[in-house]
Amino acid sequence: MSEDHTEGSVVGRRRFLAGVVGASVALAGCGDVAGVDHEVETEVDLGAVEGPAEWRTRGGDPANTGAATEVPAEPLEVAWTANLEGHTGSPTPVVGDGLVFTTNHSGTVYAFDADSGEVVWTATLGDERVRLPAALGEAVLVTAGGEDVVGLDRETGKRRFVAAHGEGRNLSVGPRIADGVVIFPTRRSVHGFDAADGDRLWTVEPGLSPDVEPAIRDGVAYVGGDDTVLRALALEDGRELWRTDTDVRHDQVAATPDRVLVLGVSPWDEVHLLAFDREDGSRLLDRTFEGGRARALAVVDGYAFVGTDRLSVVRLSDDTRCWHNGAFGGGYHSGIVVDDERVYAPVGGDGSRFDDRIGAFDVADGELLGRFGGGRLYNGPAVGDDALYAAGVPDELGFAKLVPE
Amino acid sequence: MRRRRFLASVGAAGTATLAGCTADGDCPPADADGVDPGTGPWPQVGGTPDNVGMASNVTLASTGVTAEFALHEHYPGDTLVLSTSGPVVGEHVYVAAGPREDDDADEDGVLFAVSDPHEDGADGLAWTATLPDGVAGGPALLGDLVLASAADGTVRAFDATDGDERWRADIGPSPTALSVGGGRIYVGDGRGVVTALSVDGEACWSAGSGVLDGLRGLVSDTPWIAGRPALTDDRVYSVRATGDSEYRPEAGVLLALDRTDGETIWEYEFDPGGQPVRTPSVAVGTVYLPGGAALHAVDREGTRRWRWVHGHRGAVSTPAIADGVLYASARNLYALDAEDGAERWRLVSRHHPSNIRTASLESAPVVVGDRVVAALGVADRETGDRLGGDFGDDPESRRGWNVPGYGPTETGPAVGEDRVYVATDGGVLYEIGGPDHE
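Everything in this summary refers to the structure shown in the same document. (Residues numbered from 1 in each chain as written. Chains lettered and ligands numbered in written order. Predicted model: local features only at pLDDT ≥ 70, side-chain atom pairs only at ≥ 80, totals over all residues. Heavy atoms only, no water.)

Our focus in this paragraph is the overall build of chain B. Helix and strand counts for chain B come out as one helix and 35 strands. The buried share of chain B, taken over its 438 residues, is 62%. Counted over contacts in chain B with a minimum sequence separation of 6, partners at least 24 positions apart contribute 55%. (Helix = DSSP H or I, 4+ residues; strand = E, 2+ residues; numbered from the N terminus. Buried < 20%, exposed > 50% of the residue type's maximum accessible area, 1.4 Å probe, protein only. Contact = heavy atoms within 4.5 Å.)

Dropping the structure here:
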């Protein structure tokens, strides 16, 4: 299917949907999986999406919006796959300046050539377990041994600095970087380090698993965690600007120009999407979702894309549900990529958890347009170099580059 | 093994049925003056009938452990790790210990009267008494008696001075810790029934929920009373939980009962979120319910005023209450505004997260003067700053605690005239904050 054909298909469906907006309609489009729950209530009408063309951190940008440009149009095919040594895991890669970086969760950091898939360098951090994905600043940042954040030279993989937090084996999510500050949470604290040399700038100690990747926007880090408190911290010194109780443990945090969104699970296994005013933390929205998992979140142009046991879209201005599709799947590092026309996210197989692929959904109505890749691809995707990168077990442990056919 | 043992006994006995509230006309009148504070400095777990855990006029001379007494050395059985009750303080320090609930040991529990924890060996022990089948809850003091629940389904009264048994009353399986006040003894049991006893052990009333209806209770709906009742002048507040494990209750109900006859005034239902439920406390007409995943503030009419979700993947403790502030443990130690649940401060646990499920701070705190004591640690009441002791979060310790066994009991310390007593599940009684002792 050509890109033009896809474009025409989307327009055609939008015309059809114009006649049924406002009602709940069960649809089974050309790409939908038979028997999978797919309903449309209101069509999503995105403006021009602005987002990074290279995802240098998980979620695409420091605000974790999932917005992207220069996203390849479906259908996709596998350009190459990269195999990682070991058997521990394969998180979502990050992409920048022609290189793709990842880890195998068990001691090795990899840089691959984005064009060829050849290994450019590897860095073995002793017997330290590299548990977490890299992020990109001037250096490649990884968490090593569960204890430190290590800055590696982007070109050579040599160590540039080690940012030690002194809390023992206490890390669980990757670092984020913005405005020259590296911020990373441990299961007890949130630390800010100088991105240039790893010097510690500040530490805030919530004390209860703030191990969810913060969202950073306009010099403010929005930090969630298990303690159900959402905090707005000044990036430069960690000063608390506001805090608010949310009653849920946080799994995803994202920030838009005017809102902070939290996707989390209450102690009663209810998934909540919460929205707060970015200036003062006042609550704007609280919507519950079926399913007990809060896997992924993206927020683009006033719409929240929510990954639970299915992929759902909510219009934030009036808390309107737009569509959902039960084909959503994925693993421990699932993501959502949104551009003007489509949404990419992991989708499950036909009832088999060993058949995950990267799915393309029509952004307007959630129709599953196709499933792409081979083997199992359950983590990611990430965007870069006019391609998608998705991790899992494409043939062996590793990741795959997906490009337009 | 408390609930497991109970369920096994029901399975053997067949069907039993309880329903509603029964009153016994032979029971002598309750104290018309309301709820008295009991006998001794700390006559029941939680200190007072309303369970607020406050000793605001006591000043501690230090902030560390000043004595320890190894109860386990005087335990006659083979159980290695004893399950220990919260202590109470009167003429002696009284504490019960026996096999853990999940221990299959067929051994009795022991009620210890410790006369001086600074003395080694038997010199520090005034007397001991047997609690058949094991320990079932914390003791309480009433007049010249010390009362204790035993896992054989009885409440037993002993002479507080020499340990002679005065009377025993059959209650029901798995009786809870005891609350005393207004000339009555209040106890819950493993059927979800609350019973009021006179000071002579006569049953005054029982308030149940219509349980043990055939085999239904053997599966997942068997209710039990969690923690001990909390008392006010006219009410008994008790928590009934249901599920197949007291470690993972599926539902809970806060019961407001008329203290004179056990009639139900209202019920407040809550979802514990799969976390254990603790004893409520009461202050200024509000019941503070440690309902597993959240702490609930429920007004006198049974309406929720606020709910605080702590986020800890464990239970929240019974809160201590003083001057409009609640102090509760839920991995961290928190101070909350009693009016709206807003956080005043938190003492952050530095316990390593890989041990998060094994040694988290969940012990009920107590207020002692200008300090808060939680587990074996002492904090500043105003700021939450650490002053000394052990909050169970030593990063160098695999279990967090630097004491033998399983850490302090969740029911919390007892406060003497100038010091605090803490029991651990390892069967050790610690004295905290006393004068330095040679």
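Now, onward.
Together, E73(B), E119(B), D120(B) and D123(B) make up a region of like negative charge exposed at the surface. Mapping D123(B) onto the fold places it in the loop between β7 (109-114) and β8 (125-131). (Patch = residues over 30% accessible without salt bridge, like charges linked within 9 Å, V, L, I, M, F, W, Y side chains within 5 Å. Areas by Shrake-Rupley, 256 points an atom, 1.4 Å probe, with all protein chains shown as cover. Salt bridge = Lys/Arg side-chain N within 4 Å of Asp/Glu carboxyl O. Lys, Arg positive; Asp, Glu negative; His and termini not counted. Charge placed at Lys NZ, Arg CZ, Asp CG, Glu CD.)

Here we take up the interface of chain A and chain B. Counting from both sides, the interface comprises 20 residues of chain A and, opposite them, 21 residues of chain B. Here chain A and chain B share five salt bridges between them. With a closest N to O distance of 4.0 Å, R307(B) and D247(A) form a salt bridge. Among the residues making up the side of chain A that touches chain B, the classes are represented as five nonpolar, four polar and eleven charged. (Nonpolar A, V, L, I, M, F, W, Y, C, P; charged D, E, K, R; others polar.)

Sheet strands associate in pairs through backbone hydrogen bonding, adopting either a parallel or an antiparallel arrangement. Residues and elements named next belong to chain A. Within the open sheet, the four strands sit side by side as β20-β21-β22-β23. Their pairing is antiparallel. With one partner strand each, in any of the chains shown, β20 (249-255) and β23 (283-289) form the two edges of the open sheet. When the angles between neighbouring strand axes are averaged without regard to direction, this sheet yields 20 degrees. Bridging between strand β22 (residues 271-277) and β23 involves six bridges; their strand directions are antiparallel. (Pairing = 2+ DSSP bridges. Axes fitted to C-alpha atoms, helices over the stretch in contact; angles between N-to-C directions.)

Attention now goes to the pairing of β22(A). Residue and element names in this part refer to chain A. Across the seven residues that make up β22, a large majority, six, are buried. Between strand β21 (residues 259-265) and the antiparallel strand that follows it, β22, lie five residues; D269 among them carries a positive phi value of about 65 degrees. What sits between β22 and β23 in their antiparallel hairpin is a turn of five residues, with G281 showing a positive phi close to 80 degrees.

With 48 residues, the main nonpolar core has Y327(B) and L333(B) as its most contacted residues. When near neighbours in sequence (up to four residues on either side) are disregarded, L333(B) contacts A328(B), W345(B), R346(B), L347(B), L361(B), P365(B), V372(B), A374(B), A379(B) and F391(B). Membership of the second largest hydrophobic core comes to 24 residues, among which are V49(A), F305(A), V313(A) and V347(A). (Core = buried A, V, L, I, M, F, W, Y, C linked by side-chain atoms within 4.5 Å.)

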